[in-house]
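Here is what each chain is made of, one letter per residue.
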Amino acid sequence: MDLHLEGKTVVITGGTRGIGRATAELFAAEGAKVAICARNADHVAAALKKLEAYGVPAFGAPVDITDSSALRAFIHEAAEALNGIDMYIANASSIASGNGEAEWRLAFESDVIGAIAAAEVVIPYLEAAAAAKGDASFLTISSMASTQVGGPDAYSAMKAALTNLTKGFARQYAPKKVRFNTISPGMIYDEDGSVGRLRAERPDYFNAMLALHPTGRMGVPDEVAATALFLSSPRSSFTTGANFVIDGSMFTRVNY
């Protein structure tokens, strides 16, 4: 299936590891121009080298998404370097879990304010792309943790807020053909990611979580990335305001 991504531009936060890295590489393989950011400059440089190997223009910079000014500047620079923006993916997260004030502030600044600050800058670019080409997309990466409550937790609450925010944007910008959707992954295994660290540091808990999966395994970043490509592409032009759960049916919740 041709997703009509060749020559289009996508901006991905947290694009050097895990879901973000996998998504960036799949876009590049489809011929899209890709801009990425992450906090670690060396990781950004390594990811850019891999993206450029696909033969597409790529742009990147070290950015902490809790620094709204730096994030806004990066988006403008990406648009200038790659001649506009057709798709934006708010993937980066602090993964701040806990009930201390510091965790709540960090989760709010990264997941909610990060998306709002980005939207303020990127929406005009997306509106221009939609007016010229008929479609543009803003995708947020939430988590199935947003539906689970074991106790007060900043991460799950802010991911729930992000999903709600995305739906609100979807209704506001639907007339302009700018689509907003959410992906809510379950436990996605990446050796260098949070689940990989969980396996190394708390193997008993990791194995208990693994046992809850009817599929007998956790997901991998490419499986989320493939959905991100489809939702961002014009092939999904009538899909907006949706929350796509990718959890291997680990959770028993029914998404009516």
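Residues numbered from 1 in each chain as written. Predicted model: local features only at pLDDT ≥ 70, side-chain atom pairs only at ≥ 80, totals over all residues. Heavy atoms only, no water.

What follows is about empty space enclosed by the protein. The tally for this structure, following the rule as stated, stands at one cavity of 30 Å³ or more. In this structure, the largest cavity spans a volume of roughly 90 Å³. What lines the largest cavity is a set of 15 residues, and nearest its centre among them are I65, A90, A92, S110 and A115. Only β4 (87–90), α4 (101–133) and α5 (154–173) provide two or more residues apiece to the lining of the largest cavity. When residues of the lining of the largest cavity are assigned to their parent elements, the largest contribution, five residues, is made by α4. (1 Å grid on protein atoms, 1.4 Å probe; cavity = no way out; pocket = protein on both sides within 12 Å on 5 of 7 lines; lining within 4 Å. Points joined across faces, edges and corners; volume = space filled by probe spheres on them. Helix = DSSP H or I, 4+ residues; strand = E, 2+ residues; numbered from the N terminus.)

This paragraph deals with the pattern of salt bridges. Oppositely charged side chains can form a pair if their charged atoms are brought close together. Scanning the entire structure with this criterion turns up nine salt bridges. Here E25 ties to K50 by a salt bridge, and the two come within 3.4 Å at their closest N and O atoms. Pair noted here: E25 is in helix α1 (residues 18–29) and K50 is in helix α2 (residues 41–52), with a separation of 25 residues, a long-range link. With a closest N to O distance of 3.2 Å, E127 and K176 form a salt bridge. Taken together, the residues span a long stretch of sequence, with E127 in helix α4 and K176 in the loop between α5 and β6 (178–185) at a distance of 49 residues. On the accessibility criterion, E127 (22% relative accessible area) is partly exposed. Here the residues in one salt-bridge network are R21, E25 and K50, joined through shared partners. (Salt bridge = Lys/Arg side-chain N within 4 Å of Asp/Glu carboxyl O. Buried < 20%, exposed > 50% of the residue type's maximum accessible area, 1.4 Å probe, protein only.)

Of note, N83 is a non-glycine position whose phi angle comes to about 65 degrees, a positive value. Secondary-structure assignment places N83 in the loop between α3 (68–82) and β4. Given a relative accessible area of 69%, N83 falls into the exposed group. In the Ramachandran plot, I95 falls in the positive-phi region, its phi being about 50 degrees despite a non-glycine side chain. Position of I95 relative to the elements: it lies in the loop between β4 and α4. Assessed through its relative accessible area of 43%, I95 is described here as partly exposed.

Packing of α4 against α5 leaves a shortest axis separation of 9 Å and a crossing angle of 20 degrees. Relative to α5, the element α4 is oriented roughly parallel. You can see that α4 and α5 cross each other, and the crossing is right-handed. Note on element contacts: α5 touches α4 through A154, Y155, A157, M158, K159, A161, L162, L165, F169 and Y173, opposite E103, W104, A107, F108, D111, V112, A115, I116, A119, I123 and E127. A class-by-class count of the residues in the contact of α4 with α5 yields 17 nonpolar, no polar and four charged. (Axes fitted to C-alpha atoms, helices over the stretch in contact; angles between N-to-C directions. Parallel < 35°, antiparallel > 145°, perpendicular 65-115°, else oblique. Left-handed = near helix turned anticlockwise from the far one by under 90°. Contact = heavy atoms within 4.5 Å. Nonpolar A, V, L, I, M, F, W, Y, C, P; charged D, E, K, R; others polar.)

With that out of the way, let us pick up the packing of aromatic side chains. In total, this model carries seven aromatic pairs according to the counting rule given. Between F169 and F180, the aromatic rings sit 5.1 Å apart at their centres with planes inclined by 25 degrees, giving stacked as the arrangement. With F169 in helix α5 and F180 in strand β6, this residue pair connects regions lying eleven residues apart in the sequence. You can call F180 buried: its relative accessible area is 0%. Geometry around Y205 places R202 over its ring, the cationic atom sitting 4.5 Å from the centre. (Phe/Tyr/Trp six-rings, centres within 6.5 Å; stacked < 30°, edge-to-face > 60°. Lys NZ or Arg CZ within 6 Å of the ring centre and 35° of its normal.)

Right, let's get into the sheet that holds β6. An order of β3-β2-β1-β4-β5-β6-β7 is seen for the seven strands of this open sheet, with the pairing classed as parallel. If you trace the sheet from one side to the other, it starts and ends with β3 (58–62) and β7 (243–246), each paired once. Ignoring which end each strand starts from, the neighbouring axes of this sheet average 15 degrees apart. The sheet contact formed by β4 and strand β5 (residues 136–141) spans four bridges and is parallel. For Y88, the partnering residue across the bridge sits in β5 and is F138. Packing of α4 onto the sheet brings it into contact with β4, β5 and β6, and relative to β5 it is tilted by some 155 degrees. Against the sheet, helix α8 (residues 221–232) contacts β4, β5, β6 and β7, and its axis sits at roughly 165 degrees relative to β6. (Pairing = 2+ DSSP bridges.)

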